[in-house]
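Fold and contact review
Here are the chains, one letter per residue:
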Amino acid sequence: MVLAGSGVFAFFLLIAIDQFAGHRNPYVGILAYTVAPFFVVVGIFFTLLGALIRWRTRRRAVEAAEPLALKIDLSRPRDRRILTLFVLGSVGFLFLTAVGSYQTYQVTESVQFCGKACHLPMEPQFVAAQHTAHAKVECVACHVGPGAAAYFKTKLNGTKQLYHTIAGDFDRPIYMSAANPRPVQAICEQCHWPQRYVGNVDRTFQHFLSDEKNTPFAVRLLLNVGGGDPSNGPEGGIHFHMNIANKIEYIATDDLRMNIPWVRSTNPQGVVTEYRDPDFKGDVAKYEIHRMDCMDCHSRPAHKIHTPNDAVDLALMTNRLDASIPWVKAKVVAALTQPYKTRTEAEQGITTALRKDYPDPAQANQIIQVTQSIYRENFFPETKTDWRTHPDFVGHKTWNGCFRCHDGKHVAADGKMSIKASDCRSCHLILAQGNPEGMKQVNAQGLDFVHIDAPYSEFSCTDCHTGGTQK
Ligand code: HEC
Ligand code: HEC
Ligand code: HEC
Ligand code: HEC
Ligand code: HEC
Ligand code: HEC
């Protein structure tokens, strides 16, 4: 009975903590509606069992005509002692229940719980979150929507997810879905202010070519991020899409929103312009119209899964891999991108391939170790997750990102206007590029892009740049 009572007590306590806590914890549902009732049921079971045993001994006692057992007499010191012990024990137990419930409540809120307790399904997101600007932001800060209804929904979902994790039948890969919608802009706005004027951002993209010398190749860009609010700076640039005075909407023909054949922009005066890809013959009314938000560009703000190409470039740049080893860029990217079914298979495959490429065991071991750690950080074969399954829309090299709309093809009804910002200088200026010598020549006017020797056509970087080995 004490156990059942504690279960009921823990249930109400958890609900109360949750009501008065300043923030929201979706997994308290698992505790309040699953764990606490479990103890109530176990308690009731033992109570009934006890009653049954008692009833049988009593019947036997009646048959043997012995006197009935239970007699409490508080004038007897023995009874008083037992009662005091019982009360103290119960109070102690309730106290432990309270402490335990509160501790578990806090555990379920932590990033560790989301990422580690729920190990297999959440591993990719947990690991990928560790190398982003949001590594220190709690999962629940972004993944519990605003308002009581969204909160209740995530709570129910928490219990459902527990079931699917135990049953092992969750989706692979996991995507945001109708049941678990992606965070809305209001979530980002708890910390970010869309009106902020950012202006120019200077960023260098360091690469290494897939040749024998792993030739360094960098591009230094001055990104015109600008701002979307005329009272804090000139409105314009990339953050012009902030939807403050103007509104940009679009339809997508696929779930990952890779194909955007129709865009509508409404300016502050209410003038509406519709842009359409002439190849799109479908009916716009059949699709859901989305209003553009942060995640249409920053699609991986907290879960950055590097492409093998970028991950190896990073390892070379930070000297984890030695760039003087011939062909190391090409060989490591090739070893990473084989189709492996499990992590163990991948680790063996990587070892075999690189041992063949580099016969000197000491050199090979070092390369293998780094390659395997790149694999662990960015490939999750058990949940079928890697860079190919979760596109990053902030650029245009590996995924069409900006070029889903700014591809020069989307035209307005009069056929005259295509979406602005369709030449190489409207989003960024190339300040410097090439090898370390070239990077010293900074040009404030902006350079024309010198694309190695390879020819390239505008707006189709993704034809060749797939994230793995360049075609
Ligand atoms: C800064 C906000 C933010 C934080 C913090 C955050 N996420 Fe996410 N998460 C997102 C966004 C945005 C998406 C949706 C990407 C999309 O579908 O466009 C997402 C998607 C997901 C998905 C769906 C699969 C996918 O990768 O798209 C899972 C699962 C997930 N997050 C789990 C977690 C876990 C676990 C943590 C804590 C370790 C966490 N998230 C922390 C913003 C965040
Ligand atoms: C709990 C607060 C919080 C929330 C919620 C949050 N962010 Fe952030 N975000 C930060 C902080 C803090 C930084 C700066 C980190 C730093 O510079 O070390 C940041 C940085 C960023 C950056 C710059 C990243 C970079 O690599 O320079 C982007 C882009 C961004 N956030 C987008 C988003 C989006 C999109 C969302 C909504 C899904 C979001 N944030 C939600 C706190 C938050
Ligand atoms: C049209 C695409 C687009 C949209 C929409 C967008 N951003 Fe950005 N944002 C960018 C680009 C491009 C950069 C430049 C840095 C980079 O490439 O990562 C950037 C930079 C940033 C930075 C870093 C600024 C700095 O000082 O370094 C933050 C923070 C940020 N965005 C937050 C947001 C938030 C919050 C939203 C939604 C309210 C948002 N962005 C909407 C494209 C976009
Ligand atoms: C959903 C479609 C869509 C996507 C995706 C998109 N844009 Fe745009 N962008 C537009 C539309 C529409 C306009 C406004 C065109 C007009 O009315 O002239 C615009 C305008 C711009 C402008 C000009 C703003 C000004 O100063 O007037 C820049 C710069 C820009 N976009 C950069 C980007 C970048 C960088 C990305 C990717 C990170 C991106 N856009 C992604 C639709 C999009
Ligand atoms: C609609 C805006 C827009 C247009 C137009 C545009 N870019 Fe970009 N570009 C971006 C953004 C945003 C990034 C930064 C991506 C990031 O932060 O990861 C970028 C990145 C790059 C990079 C560095 C990529 C890397 O990973 O090393 C190169 C090179 C580049 N652009 C070349 C070009 C060339 C050449 C053109 C003309 C054909 C062009 N861009 C047109 C928005 C644009
Ligand atoms: C016809 C195919 C093709 C097209 C289209 C193409 N590239 Fe490339 N790109 C290559 C090849 C091949 C290399 C050399 C790769 C290597 O040696 O690793 C390369 C190298 C690069 C590099 C340096 C190496 C690296 O690994 O990142 C950058 C940056 C780059 N391209 C950007 C772009 C951008 C931006 C666009 C679109 C405007 C583009 N490319 C379009 C084929 C192409």
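Residues numbered from 1 in each chain as written. Chains lettered and ligands numbered in written order. Predicted model: local features only at pLDDT ≥ 70, side-chain atom pairs only at ≥ 80, totals over all residues. Heavy atoms only, no water.

1. Looking at unusual backbone geometry
Counted only if it meets this: Counting from the N terminus, the helices are the DSSP runs of H or I reaching at least four residues and the strands are the DSSP runs of E reaching at least two.
Cis geometry is adopted by the peptide bond preceding P173, which originates at R172 and carries an omega value of -5°. Tracing the backbone shows P173 in the loop between helix 7 (148–167) and helix 8 (185–188). Residues other than glycine seldom take positive phi values, yet R257 does so here, at roughly 60°. By the element assignment, R257 lies in the loop between strand 3 (247–251) and strand 4 (262–266).

2. Observations concerning the coordination of the iron atom of ligand 2
For the record, the criterion: Only nitrogen, oxygen and sulfur atoms qualify as donors, provided they sit within 2.8 Å of the metal or within 3.2 Å for Na, K and Ca; with water excluded from the atoms, sites may seem incomplete. For four-coordinate sites, all angles between 85 and 135 degrees define a tetrahedron; for four- and six-coordinate sites, opposite donors beyond 155 degrees with the remaining angles between 65 and 115 define square planar and octahedral shapes respectively, and all other cases count as irregular. Relative accessibility under 20% of the residue-type maximum defines a buried residue, over 50% an exposed one, and the middle range a partly exposed one, all with a 1.4 Å probe and only protein chains included.
Protein-derived coordination of the iron atom of ligand 2 comes from H134 (NE2) and H192 (NE2), at a distance range of 1.9 to 2.0 Å. In this structure, the iron atom of ligand 2 is surrounded by six donor atoms whose angles at the metal cover 87 to 180°, and the resulting shape is octahedral. Of this pair, H134 sits in the loop between helix 5 (119–129) and helix 6 (139–143) while H192 sits in the loop between helix 8 and strand 1 (199–208), and the two are 58 residues apart along the sequence. By relative accessible area, H192 is classed as partly exposed at 49%.

3. Notes on the sheet that holds strand 6 (residues 290–291)
Quick note on the threshold: Paired strands, in this sense, are two strands between which DSSP finds at least two bridges.
The strand order 6-3-4-5-7 describes an open sheet built from five strands, whose pairing is antiparallel. Edge positions in the sheet fall to strand 6 and strand 7 (411–412), since each of these pairs with one other strand and no more. Two elements, strand 5 (residues 272–276) and strand 7, share two bridges in a ladder whose sense is antiparallel. Residue pairing in the sheet places R276 in a bridge with V411 of strand 7.

4. With respect to a nonpolar patch on the surface
Selection rule: Think of a patch as exposed residues, more than 30% relative accessible area, with no salt bridge, where like charges cluster within 9 Å and nonpolar side chains (Val, Leu, Ile, Met, Phe, Trp, Tyr) cluster within 5 Å. Per-residue and other accessible areas follow the Shrake-Rupley method at a 1.4 Å probe size, with only the shown protein chains counted as cover for residues. Put simply, a salt bridge is a Lys or Arg side-chain nitrogen that is within 4 Å of an Asp or Glu carboxyl oxygen.
Residues F45, F46, L49, L52, I53 and W55 make up a contiguous nonpolar surface patch of roughly 640 Å² in combined accessible area. Relative to the helices and strands, F46 resides in helix 2 (residues 28–63). Owing to a relative accessible area of 48%, F46 belongs among the partly exposed residues under this scheme.

5. Re the site of ligand 2
The following threshold applies: Here a residue counts as near a molecule or strand whenever at least one of its heavy atoms sits within 4 Å of it. Under the rule applied, a polar contact is a pair of N or O atoms within 3.5 Å (in protein, one hydrogen donor and one hydrogen acceptor; residues adjacent in sequence only if both atoms are side-chain atoms). Gly falls in the polar group here, along with every residue not listed as nonpolar (Ala, Val, Leu, Ile, Met, Phe, Trp, Tyr, Cys, Pro) or charged (Asp, Glu, Lys, Arg). Each domain span listed reflects an automatic or database assignment of domains.
Lining the immediate surroundings of ligand 2 are A133, H134, V137, I187, C188, C191, H192, R203, C294, M295 and H298. Within the side chain of H134, an N or O atom sits 2.8 Å from a nitrogen atom of ligand 2. Note that a nitrogen atom of ligand 2 is positioned 2.7 Å from one of the side-chain N or O atoms of H192. Per-class residue counts for the shell around ligand 2 are seven nonpolar, three polar and one charged. Mapped onto the domain boundaries, the shell around ligand 2 takes at least three residues apiece from domain 2 (113–182) and domain 3 (199–301 + 391–464).

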